Amino acid sequence: MIAPVQAGKVNYVFELVDTKLNKVLTDADLKIAHEKKLHMMAYDPALKEFQHVHPEFDGHVWKVELNFSVNANYWLWTQGELAGDGSEFTSSTRLTVQGGAPSWPSPRLTETRAGSSGISVVTLGAGKLVAGRMAMLTVKFSRNNGTPAEITPYLGAFAHAVAVTDDGD
């Protein structure tokens, strides 16, 4: 884990290491996937604070600006594809933010299958989900006012989903 940082703008600097080859990865080692070479998500344990950013390689290290306003032990999860064989990789670490607003309480595990942003509604189908088993997810997007939702591509796809365990893996 990295030393705690103060809430606000954080210029996060890091290296990516291919542990099989014991090699530091540069932008030349990655291929574009979903319109970018590298994707990073930063999120808190309550899943209330979320950032999707795209680090850039400066010739020596990867850099990205993050903005944290809430105290938490955030997960930083990085994803990309290797140019050589097209294999996808992920890397994660924790970053403690202090000096900001109080952290959000962790959500209780419930059977809730819908959520709303105030304008849009997302509903997960009634199919049974079982830990450790593959499942087909049916997701419905609608609007609170009854009008159909307009789905447009974001980063080369109509939808993206990320599921993580408590340990961030």
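Preceding block: the structure.
If you're wondering where the values come from, they're calculated on a predicted model, not measured in any experiment.

Quick notes on the rules
Residues numbered from 1 in each chain as written. Predicted model: local features only at pLDDT ≥ 70, side-chain atom pairs only at ≥ 80, totals over all residues. Heavy atoms only, no water. Helix = DSSP H or I, 4+ residues; strand = E, 2+ residues; numbered from the N terminus. Buried < 20%, exposed > 50% of the residue type's maximum accessible area, 1.4 Å probe, protein only. Contact = heavy atoms within 4.5 Å. Areas by Shrake-Rupley, 256 points an atom, 1.4 Å probe, with all protein chains shown as cover. Lys, Arg positive; Asp, Glu negative; His and termini not counted. Charge placed at Lys NZ, Arg CZ, Asp CG, Glu CD. Pairing = 2+ DSSP bridges. Axes fitted to C-alpha atoms, helices over the stretch in contact; angles between N-to-C directions. Core = buried A, V, L, I, M, F, W, Y, C linked by side-chain atoms within 4.5 Å. Patch = residues over 30% accessible without salt bridge, like charges linked within 9 Å, V, L, I, M, F, W, Y side chains within 5 Å. Salt bridge = Lys/Arg side-chain N within 4 Å of Asp/Glu carboxyl O.

This paragraph deals with the overall build of the protein chain. If you tally the helices and strands in the protein chain, you get 0 helices and 14 strands. For the protein chain, the α and β elements follow one another from N to C terminus as β-β-β-β-β-β-β-β-β-β-β-β-β-β. If you line up the protein chain on its principal axes, its C-alpha atoms span 50 × 40 × 30 Å. Within the protein chain, the fraction of its 169 residues that count as buried is 28%. Relative to all contacts within the protein chain whose residues are 6 or more apart in sequence, the contacts with residues 24 or more apart total 56%. Accessible surface for the protein chain amounts to roughly 11,500 Å². Of this, 54% is attributable to carbon and sulfur atoms. Averaging the positions of the 15 positive and the 18 negative side-chain charges in the protein chain gives two centres separated by 8 Å.

Across a sheet, strands are paired by hydrogen bonds formed along the backbone, either parallel or antiparallel in direction. Spatial ordering of the open sheet is given by β12-β13-β14, a layout of 3 strands whose pairing is antiparallel. Pairing within the sheet leaves two strands with one partner each, and these edge strands are β12 (114-116) and β14 (139-143). Across this sheet, the average inter-strand angle for adjacent strands is 15°, counted without regard to direction.

In this section: the pairing of strand β13 (residues 120-124). With 3 bridges connecting them, β12 and β13 associate as antiparallel partners. Looking at β13, one finds that A114 is bridged to T123. What sits between the antiparallel neighbours β12 and β13 is a turn of 3 residues, in which G118 has the positive phi angle 105°. As paired elements, β13 and β14 share 5 bridges and run antiparallel to each other. Looking across to β14, one finds that L124 is bridged to V139.

Moving on, we come to the pairing of strand β7 (residues 50-53). Residues Q51 and V53 line the buried face of β7, whereas the alternating positions F50 and H52 sit on a face that is not buried. Strand direction decides the pairing type here: strand β6 (residues 38-43) and β7, joined by 4 bridges, are antiparallel. The residue of β7 that forms the bridge with M41 is H52. A loop of 6 residues connects β6 with β7, the two strands running antiparallel in sequence, and L47 in this loop sits at a positive phi of about 60°.

L16, L30, L66 and F68 are the most contacted members of the largest nonpolar core, which totals 24 residues. Those elements that provide at least two residues to this core are β2 (8-14), β6, β9 (62-68), β10 (72-82) and β11 (88-98). Excluding its chain neighbours within four sequence positions, the residues that come into contact with L30 are L16, L25, K37, L38, W62, E81, L82, A83 and F89.

In this section: a nonpolar patch on the surface. A cluster of nonpolar side chains, namely V122, L129, L137, V139, F141, I151 and F158, defines an oily patch on the protein surface of about 620 Å² accessible area. Along the chain, L137 falls in the loop between β13 and β14. Here L137 falls in the partly exposed class, since its relative accessible area comes to 46%.

In spatial order, the strands read β2-β9-β8; together these 3 strands make up an open sheet with antiparallel pairing. Edge strands, defined here as strands with exactly one partner in the open sheet, are β2 and β8 (56-57). Where β8 meets β9, 2 bridges bridge the pair, whose relative direction is antiparallel. Following the sheet pairing, F57 is matched in β9 by W62.

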